[in-house]
Amino acid sequence: MSGNDRYSIEGYAATVLFLGLIFVVLLQVFGRSGLFPAAVWTEELARWIWVWMAFIATGEAERRNVQLRMGILAEVLLGRFRFVLFTLIDIVYLAVTCHLFWIGYKTVLRTWNNESVTLPFSDAVLYASYPIAALFIIWRVANRIRWQLIYRRPFVFDPEIEQ
């Protein structure tokens, strides 16, 4: 599977967003402590950054195949049955993510003219976080399904080995 580098575009983006979130929250804290006037927009911006970071980081989790799963049934299955189960789960997940992408895209169009309360952006900027993240997720899950169908076993992320 391609993309087994230790870091990906989603990982870098989530890291930058996390650092931005820390900075904005520190502005809130120091502004409330009286060191300088508090900025009203920092609370909303922190929320927006957190949403973007969480969705974009989901693409990185999918790339590394480290998302949470219920492993009770999968742990007792062996070989081919386990492969079939994981592949079916990924196919259903891919279909649901494609549908949610479409809903997110329509939401962005619907909110394009809504103004944010304190930020100089449209609300569509916030709602665009999921469709953009969904593109990464769709890409990663589709690659994982392709890999599983070629090699006939569940994908295991290892940046040291070209899968």
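In case you missed it, the structure is sitting above this.
Here is what the cut-offs are and how they apply
Residues numbered from 1 in each chain as written. Predicted model: local features only at pLDDT ≥ 70, side-chain atom pairs only at ≥ 80, totals over all residues. Heavy atoms only, no water. Helix = DSSP H or I, 4+ residues; strand = E, 2+ residues; numbered from the N terminus. Rg over C-alpha atoms; globule rule 2.2 N^0.38 Å. Buried < 20%, exposed > 50% of the residue type's maximum accessible area, 1.4 Å probe, protein only. Contact = heavy atoms within 4.5 Å. Areas by Shrake-Rupley, 256 points an atom, 1.4 Å probe, with all protein chains shown as cover. Polar contact = N/O pair within 3.5 Å; in protein donor to acceptor, adjacent residues only side chain to side chain. Salt bridge = Lys/Arg side-chain N within 4 Å of Asp/Glu carboxyl O. Expected span 1.5 Å × (residues − 1). Axes fitted to C-alpha atoms, helices over the stretch in contact; angles between N-to-C directions. Parallel < 35°, antiparallel > 145°, perpendicular 65-115°, else oblique. Left-handed = near helix turned anticlockwise from the far one by under 90°. Nonpolar A, V, L, I, M, F, W, Y, C, P; charged D, E, K, R; others polar. Phe/Tyr/Trp six-rings, centres within 6.5 Å; stacked < 30°, edge-to-face > 60°.

Peer 1: Can you walk me through the overall build of the protein in this structure?
Peer 2: Secondary structure summary: the protein contains 6 helices and 0 strands in total. A compact globule built from 163 residues should have a C-alpha radius of gyration of about 15 Å, whereas the protein, at 19 Å, is more than 25% larger. Oriented by its inertia axes, the alpha-carbon framework of the protein measures out at about 60 × 35 × 30 Å. Buried positions account for 37% of the 163 residues belonging to the protein. Long-range pairs, those at least 24 residues apart, make up 71% of the contacts in the protein with a sequence separation of at least 6. Counting only carbon and sulfur atoms, one obtains 71% of the accessible surface of the protein, whose full area is about 10,300 Å².

Peer 1: Where do I start with the side chain of Gln148 in this structure?
Peer 2: With respect to the secondary-structure elements, Gln148 resides in helix H6 (residues 129-151). Of note is the side chain of Gln148, whose polar atom sits 3.2 Å from the side chain of Thr87.

Peer 1: I keep staring at the pattern of salt bridges and nothing clicks. Help me out?
Peer 2: A side chain with one charge can pair with a side chain of the opposite charge if their charged atoms come near. Summed over all chains, the structure comprises 6 salt bridges. For the salt bridge of Arg64 with Glu60, the shortest nitrogen-to-oxygen distance reads 3.0 Å. Highlighted residues: Arg64 and Glu60, both in helix H2 (residues 41-64), separated by 4 residues, approximately one helical turn. Overall, the relative accessible area of 12% leaves Glu60 in the buried class. Salt bridges here are not isolated pairs; linked through shared partners, they connect Glu60, Arg63 and Arg64.

Peer 1: What should I look at first to understand helix H4 (residues 79-110) in this one?
Peer 2: An α-helical turn contains 3.6 residues, so a residue and the one three or four places further along point in the same direction. If you check H4, its first and last C-alpha atoms are 47 Å apart, about what 32 residues at 1.5 Å a residue would give, namely 46 Å. Inspection of H4 places Phe83, Leu85, Phe86, Thr87, Asp90, Leu94, Thr97, Gly104, Thr107 and Val108 among the buried residues, and these make up the whole buried set. Elements in contact with the buried residues of H4: helix H3 (72-76), helix H5 (123-127) and H6.

Peer 1: Can you walk me through the packing of H2 against H6 in this structure?
Peer 2: Packed helix pairs are specified by the crossing angle of their axes together with the interaxial distance, meaning the distance between the axes. The interhelical angle for the contact between H2 and H6, taken along N-to-C directions, is 5°, at an axis separation of 8 Å. If you check the angle between H2 and H6, you find them roughly parallel. Contacts between H2 and H6 involve Val51, Trp52, Phe55, Ile56, Thr58, Gly59, Glu62 and Arg63 from the first element and Ser129, Tyr130, Ile132, Ala133, Phe136, Ile137, Arg140, Val141 and Arg144 from the second.

Peer 1: Even after reading the chapter, I still don't get the packing of H4 against H6, so can you show me in this structure?
Peer 2: Taken N-terminus to C-terminus, the directions of H4 and H6 make an angle of 160°; their axes are 9 Å apart at the nearest point. Accordingly, the angle class assigned to the pair H4 and H6 is roughly antiparallel. Where H4 crosses over H6, the handedness of that crossing is left-handed. Along the lines of polarity and charge, the residues of the contact of H4 with H6 split into 20 nonpolar, 4 polar and 2 charged.

Peer 1: What is the right way to look at the packing of aromatic side chains in this model?
Peer 2: For any pair of aromatic rings, geometry is given as the distance between the ring centres together with the angle between the planes. This model, assessed by the stated rule, comprises 4 aromatic pairs. Plain terms: the ring middles of Trp48 and Phe121 are 6.3 Å apart, the flat faces sit at 35° to each other, and that makes the pair tilted. Within this pair, whereas Trp48 is found in helix H2, its partner Phe121 is found in the loop between H4 and H5, the two being separated by 73 residues in sequence. Residue classification places Trp48 among the buried positions, given a relative accessible area of 5%. Residue Phe121 is classed as partly exposed on the basis of its relative accessible area of 40%. Ring centres of Trp147 and Tyr151 lie 4.8 Å apart, and the angle between their planes is 40°; on these two criteria the pair is classed as tilted. Placement of both Trp147 and Tyr151 in helix H6 is noted, with a separation of 4 residues, approximately one turn of the helix.

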